[in-house]
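The residues making up each chain are set out below.
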Amino acid sequence: MDNQKFGKLAFKEKFGYSLGDAAANLAWRPLMAFLPIFYTDTFGLPLASVGLLLALTRSFDGITDVIMGSICDRTNTRWGKFRPYLLWTAVPFGLLLALTFTTPNMGPSGKLIWAYTTYALLTLAYTANNVPYSSLSGVMSGSIRERTNISSYRFFGAYLGGFISIGLLPYLVTWFGKVFAPEGSVDEVADAFGYQYSFYLLAVLLVVFSLIAFKSTRERIKPSKRQKSDFIAEVKELVKNKPWVIILLVGFLWVTYNSIRQGAAAYYFKWVYGDKDLVGTFFIGVILASMASTFIAPALTNFFGKKRLFIMVMIVSGIFTTMLYWVPSQNIVMFFTLGILAELAAGIMPILFFAMLGDTADYSEFVNKRRATGLTFSAGTFAMKFGGGMAGVAMMFILSSYNYKQSAEKETEIISTPVEEIISIDVDTVVNNTITLKKKVLPVENKQADVIVQPGTITERNVDLTLQKKIQYTKRYKDLIKTKPLQQDPKAIRGIRIINSFLPVIFIILAIIMILFYPLTTEKMYEVEAELKSRKEKEELE
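Quantities reported herein were computed from a predicted structural model and do not represent experimental measurements.

**Here's the deal with the overall build of the protein chain**
Along its length, the protein chain carries 20 helices and 8 strands. Counting all 542 residues of the protein chain, 56% fall into the buried class. Summarising the internal contacts of the protein chain: among those between residues at least 6 apart in sequence, 84% fall at separations of at least 24. When the accessible surface of the protein chain is split by element, carbon and sulfur atoms take 63% of a total near 23700 Å².

**What about empty space enclosed by the protein?**
All chains considered together, the criterion is met by 6 cavities of 30 Å³ or more. For the largest cavity, the lining is made up of 17 residues, of which Arg29, Met32, Trp254, Asn258 and Met384 are closest to its centre. Within the residue set of the lining of the largest cavity, elements represented by two or more residues are helix H1 (11-33), helix H8 (144-167), helix H12 (242-273) and helix H15 (332-346). The element that contributes the greatest number of residues to the lining of the largest cavity is H1, accounting for 5 residues. Within the lining of the largest cavity, the residues separate by chemical class into 10 nonpolar, 4 polar and 3 charged.

**Topic: the confidence of the model for the protein chain**
Looking at the protein chain as a whole, the pLDDT averages 82, with 82% of positions reaching at least 70. Note that residues 416-480 has pLDDT below 50 and, in this model, 116 contacts with residues that lie over four places away or in other chains.

**Quick word on the environment of Phe366**
Note on placement: Phe366 falls in helix H16 (residues 349-368). For the pair formed by Phe366 and Glu531, sequence separation is 165 residues and the distance between their alpha carbons is 7.4 Å. Setting aside anything within four residues of it in sequence, one finds Phe366 in contact with Lys524, Glu527, Val528, Glu531, Leu532 and Arg535.

**Notes on the side chain of Ser290**
Among the structural elements, Ser290 can be located in helix H13 (residues 278-304). Setting aside its immediate chain neighbours within four residues, Ser290 contacts Tyr159, Glu343 and Gly347.

**Brief notes about the nonpolar core**
Soluble, globular proteins show a tendency: their nonpolar side chains are buried together. Phe34, Tyr39 and Phe310 are the most contacted members of the largest nonpolar core, which totals 124 residues. Among the elements that take part in this core, H12 stands out by supplying 19 residues, more than any other. Excluding residues within four positions of it along the chain, Phe34 makes contact with Ile166, Leu169, Pro170, Tyr195, Ala266, Val279 and Phe283. Leu9, Leu86, Met140 and Phe214 belong to the second largest nonpolar core, which has 17 residues in total.

Reading the values: rules and limits
- Residues numbered from 1 in each chain as written.
- Predicted model: local features only at pLDDT ≥ 70, side-chain atom pairs only at ≥ 80, totals over all residues.
- Heavy atoms only, no water.
- Helix = DSSP H or I, 4+ residues; strand = E, 2+ residues; numbered from the N terminus.
- Buried < 20%, exposed > 50% of the residue type's maximum accessible area, 1.4 Å probe, protein only.
- Contact = heavy atoms within 4.5 Å.
- Areas by Shrake-Rupley, 256 points an atom, 1.4 Å probe, with all protein chains shown as cover.
- 1 Å grid on protein atoms, 1.4 Å probe; cavity = no way out; pocket = protein on both sides within 12 Å on 5 of 7 lines; lining within 4 Å.
- Points joined across faces, edges and corners; volume = space filled by probe spheres on them.
- Nonpolar A, V, L, I, M, F, W, Y, C, P; charged D, E, K, R; others polar.
- pLDDT = per-residue confidence, 0-100.
- Core = buried A, V, L, I, M, F, W, Y, C linked by side-chain atoms within 4.5 Å.

Below is the structure:
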């Protein structure tokens, strides 16, 4: 039997595996943090259209995730069941990411079709990439301790991808916008170019990281040779797997909580604090806190157990998130502090979630003598995509209810701007230094001769005009339409504060209630691990 099946894996393999989630989070983190504000403020979609788009594209994700999980379980190649998808999906995944954040030169209907098409295809690419990637952690080792360790490495990679994408993205958008947008472009046009070229760069990194993850990893845990594929039976066993159902619901609620927190921050820094680029610095601080959580998660898990630790970190994160509502607008230090403390706890949640998914796969094999790793881990991508979609719908609903204004609602005003234009007027008579004109002109001041032009006459000031037959004056008036800077009213600001605090906490409270019913204790999982190990050894001896 392979000594690494139930033992420790090499650092090189675990780090290589982590880059697979770094790749996924080059796409996923921006989808949570920046896609809502990109669609509403840069791409130009109405709030209702954004909410409907996010809801509809996610409504079929549960089906596609289950199908993808089943396909993985039935895949047999020289690379294994799950690894090859990291190779096959890398380029399409990267290309669709770039297209999703591209603003085409189309009318409102064309843009809506573009958004639906690119976003729907991107979520399918994410499914084809991340369901097998998540499942891979369940077959790299049979040790429940090592799976938690693998999960910690995985989310270190996830947070690395987030650091590169959402941490640096605001600054990349600003820089690329200045470089590639036409001179004099308004902010929305510059941002459109900035997003487009930023995601060209992120797409290339996504492809490279996926290929490294494919090359670095190995699959060791395989289904029993006696096991026969039966999709209907596998689905029935899955829905009867109480721990899996509970973790699926907890995952959906936890992801919705995190997605709202990240998506809402961009609105806060743009409209409440007044510096949209500062959100990148905030995300860097948040992701560094998440990275720190990956180092402490294994020790805390061993001490408290997965279920108890999950409850603790959700409570702590929820308290700090709630407090964000009362942060004064200009007290950015307090907002940073509370947000980072909330993330230090929240960063442990995905580590526990995916480790517990692996436990539910073992439990299903323990009870049913059948292993469907891909189908079991499809809960992970389902929870992440459906939770992210629900987050977008909830945010759009609150912002719409609180009269949030978009760039299309900017107000305009007419401003008289001086424009020099020299015009010659024929002189009629000159009497006592008063010049009568042959036609009336508008009142205007002569720039060179300090002459006042009145309707019908010109009165000389300090200049002898008696010998002149003509006089030149400067016409200095021209009406221009100027766009006023868009401002959110106090009600909209209150809505932005709510989506940063109370709204996400509703979902984390529901997650806390749900996980109280999770039945797999640490002691039970040691029993499951020992039994499965014994079965594998007997099967190999036969």
